[in-house]
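Inside the fold
Spelled out, the chains give:
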Amino acid sequence: MVQTTVDSAHLDSLRSRVQGVVTAVDDPGYEDVRAVWNAMVRHRPAVVVRAHGVADVAPTIAFAREHGLELAVRGGRHNVAGTGTVDGGLVLDLRDLCAVSVDPAGMTVRVEGGATLAHVDAATAPHGLAVPLGVVSGTGVAGLTLGGGVGWLTRAYGLAADNLLQVELVTADGRTVTADATQHDELFWALHGGGGNFGVATALTFRAHRLGPEVYVGNLVYGQDRWPEVWAAFEAWTRDLPDEMTAIVTTMTPPPMLELGDEPVLIVGFAWSSPDHAAGEVLVDRLREVVPPDEQEVVRMPWVDWQSAVDPLFPHGVRAYWRNTSFDRLDEEVVDVLVRRGAEQRWVGTAFDVHHMGGAYGRVPEAATPFPRRDARFWINVYGFWTDEADDDARVAFVRGLSADLQPFATGGEYVNFQGSEASGHRVLDPRAVFGEDKYRRLVAVKHRYDPHNLFHRNHNIAPEIAV
Ligand SMILES: Cc1cc2nc3c(=O)[nH]c(=O)nc-3n(C[C@H](O)[C@H](O)[C@H](O)COP(=O)(O)OP(=O)(O)OC[C@H]3O[C@@H](n4cnc5c(N)ncnc54)[C@H](O)[C@@H]3O)c2cc1C
């Protein structure tokens, strides 16, 4: 049964067991510490423990177990489905565990479990290194990586998860385990896309890559009358791109800050990760010659600046709903859906991104990680951000509608990190459909071994027994 408050004597006992700040419902600061990025998620946990250090993790888990409190774990608080919080339960908030240490000679980066992308990029950039993560700097590294992690370096170096060398984890029984290719290897496999199902990641060690300091990046902008020809040109362009080029196409009604007018636009965003900027320019020219952009911003800029360039579009506390799927075709049928749906909605903040995949991402064997569909040419992420509750139904309906229109072309699998919030009718993902039968069974076996009582279920859950 969900419990909404914790007895004050028990809270005192919790406070004596951890160094971090313990905030209960009536304490000052509760509303601030309660909030997550998606304002549609209004859960009211009974208590939030803001861990001061790794030593706070096991006692907090033990307290949740002892008192039968539902447990939610969070870092960057960006999970769109709101899994980083829980009604009436205990939230373990890792935001203060954000240290990043870089080994420039070994080209590895150790990241604590509550760090954001911004923490990592700030630490690696002075060494001319980068870890492949996502595209918005406030996102949590652990949440993003445990689910997969798609960003501007995906084609060059794979998912964030593909670059994991080791994860330090506190399990449901309070044990600290180190998972890598040689120890707890099945657990290590499961941490490459299985999400937060298996324990609390207190640190993740990544392989880093040489990058920058400046990268050749840009946005090519097209008005609505150009979209069919641009999609056709983009489809042809992506057929033989080198790994160093990652492109994401966004269709949106631009916010005023972009100064692109108020009609929907299509933006081909790209990042070229090779130091040979001239070679990147030759490639971009190949597209620009076929479909000259109406407007463009193509620049060389520091990697950290590019990584935070779209941050203002995604402020904390907006309402949000997302869906996604993979697909292989950008033929007339698919383009027709993308053009029609893109033109039909006029709301700032409601948009969709088509990520061009392949490259290093596509060369990882399907069974090597739980992350689904290594053979997909594209993933589409359909999303809405808005502020007024009165807009909920229309925005959610748009995201669902476009998603449904794309189902006939979908190639299966879903990226667990790109799924919408429970408050707006989030469906529980079927892990069989997400991962496929073989991976699902393997994930269940790992779950059964490390979390047999499903303590870590505030996530896209893999139950510890095979569902029939
Ligand atoms: C504005 C925005 C931009 C985004 N951009 C991208 C992108 O470019 N690429 C991409 O791949 N995804 C992106 N995402 C999706 C993102 O990867 C997921 O929302 C992810 O869950 C966020 O992680 P978090 O730590 O910030 O979230 P939180 O809400 O803090 O945590 C989410 C879940 O992750 C798990 N978790 C978090 N930390 C830990 C930990 N230390 N140990 C164990 N489990 C943990 C828990 O299950 C938790 O419920 C974006 C999301 C938003 C809102």
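Our subject is the structure that appears above.
Now for a description of the structure that goes with this document. These numbers come from a predicted model, not from an experiment.

Observations regarding the overall build of the chain
When its secondary structure is counted, the chain shows 15 helices and 18 strands. The globule rule puts the C-alpha radius of gyration for 468 residues at 23 Å, and the 22 Å found for the chain is close to it. Referenced to the eigenvectors of the C-alpha coordinate spread, the extents of the chain come out at roughly 70 × 55 × 45 Å. Looking at the chain alone, contacts between residues at least 24 apart form 73% of all its contacts between residues at least 6 apart.

Brief notes about the environment of Met40
Among the structural elements, Met40 can be located in the loop between α2 (30-34) and β2 (47-50). Through-space distance from the C-alpha of Met40 to that of Asp430 is 23 Å; in sequence the pair is 390 residues apart.

Details of the site of the ligand
The immediate surroundings of the ligand are formed by 37 residues, with Gly76, Gly84, Gly140, Gly143 and Gly196 found nearest. At the level of elements, β3 (71-74), α5 (141-147) and β10 (200-207) are the ones that each hand at least two residues to the shell around the ligand. Of the residues in the shell around the ligand, the class split is 15 nonpolar, 19 polar and three charged.

Some points on unusual backbone geometry
Cis geometry is adopted by the peptide bond preceding Pro213, which originates at Gly212 and carries an omega value of 15 degrees. The residue Pro213 is located in the loop between β11 (209-210) and β12 (214-223) in this model. Unusually for a residue other than glycine, His184 sits at a positive phi of about 50 degrees. Along the chain, His184 falls in the loop between β9 (176-180) and α7 (185-190). A positive phi angle is found at Arg373, which is not glycine, with a value near 65 degrees. Within the fold, Arg373 resides in the loop between α12 (359-363) and β18 (378-386).

Topic: the sheet that holds strand β1 (residues 21-24)
Strand order in the open sheet made by the four strands is β1-β2-β4-β3, with mixed pairing throughout. Each end of this open sheet is capped by a strand with a single partner; those strands are β1 and β3. Across the sheet, the mean angle separating the axes of adjacent strands is 15 degrees when strand polarity is ignored. Here four bridges tie β2 to strand β4 (residues 90-93), and the two strands are oriented parallel to one another. Bridging across to β4, Arg50 finds its partner in Asp93.

With respect to the pairing of β4
A regular strand carries its side chains on alternate faces of the sheet. Burial along β4 is two-sided: Leu90 and Leu92 and Val91 and Asp93, pointing in opposite directions, are all buried. Two strands pair when backbone bridges link them, and β3 and β4 are joined in this way by four bridges, in the parallel orientation. Across the sheet, Val73 pairs through a bridge with Leu92, a residue of β4.

Section: the packing of helix α8 (residues 227-237) against helix α11 (residues 332-344)
Contact pair α8 / α11: the axes reach a minimum separation of 10 Å and the direction vectors enclose 140 degrees. In terms of orientation, α8 lies oblique with respect to α11. Seen along the crossing, α8 lies across α11 with a hand that is right-handed. Residues Trp227, Pro228 and Trp231 of α8 pack against Val335, Leu338, Val339 and Gly342 of α11. For the contact of α8 with α11, the per-class residue count stands at six nonpolar, one polar and no charged.

Looking at the sheet that holds strand β16 (residues 319-327)
Two pairing modes exist for strands in a sheet, parallel and antiparallel, and in both the strands are linked by backbone hydrogen bonds. Reading across the sheet, the seven strands line up as β15-β12-β14-β13-β17-β18-β16 and stay open at both edges, with antiparallel pairing between neighbours. Two strands in the sheet have a free side with no partner beyond their single neighbour: β15 (295-302) and β16. Sheet twist, expressed as the average angle between the axes of neighbouring strands with direction ignored, equals 15 degrees. Direction of pairing for strand β13 (residues 245-252) relative to strand β14 (residues 265-272): antiparallel, over a ladder of eight bridges. Looking across to β14, one finds that Thr246 is bridged to Ala271. Each of β16, β17 (350-356) and β18 touches helix α13 (residues 392-406); the most contacted strand, β16, lies at about 0 degrees to it.

Conventions and cut-offs
- Residues numbered from 1 in each chain as written.
- Predicted model: local features only at pLDDT ≥ 70, side-chain atom pairs only at ≥ 80, totals over all residues.
- Helix = DSSP H or I, 4+ residues; strand = E, 2+ residues; numbered from the N terminus.
- Rg over C-alpha atoms; globule rule 2.2 N^0.38 Å.
- Contact = placed C-beta atoms within 7 Å.
- Near = placed C-beta within 6 Å.
- Nonpolar A, V, L, I, M, F, W, Y, C, P; charged D, E, K, R; others polar.
- Pairing = 2+ DSSP bridges.
- Axes fitted to C-alpha atoms, helices over the stretch in contact; angles between N-to-C directions.
- Buried ≥ 20, exposed ≤ 12 C-beta atoms within 10 Å, placed from the backbone.
- Parallel < 35°, antiparallel > 145°, perpendicular 65-115°, else oblique.
- Left-handed = near helix turned anticlockwise from the far one by under 90°.

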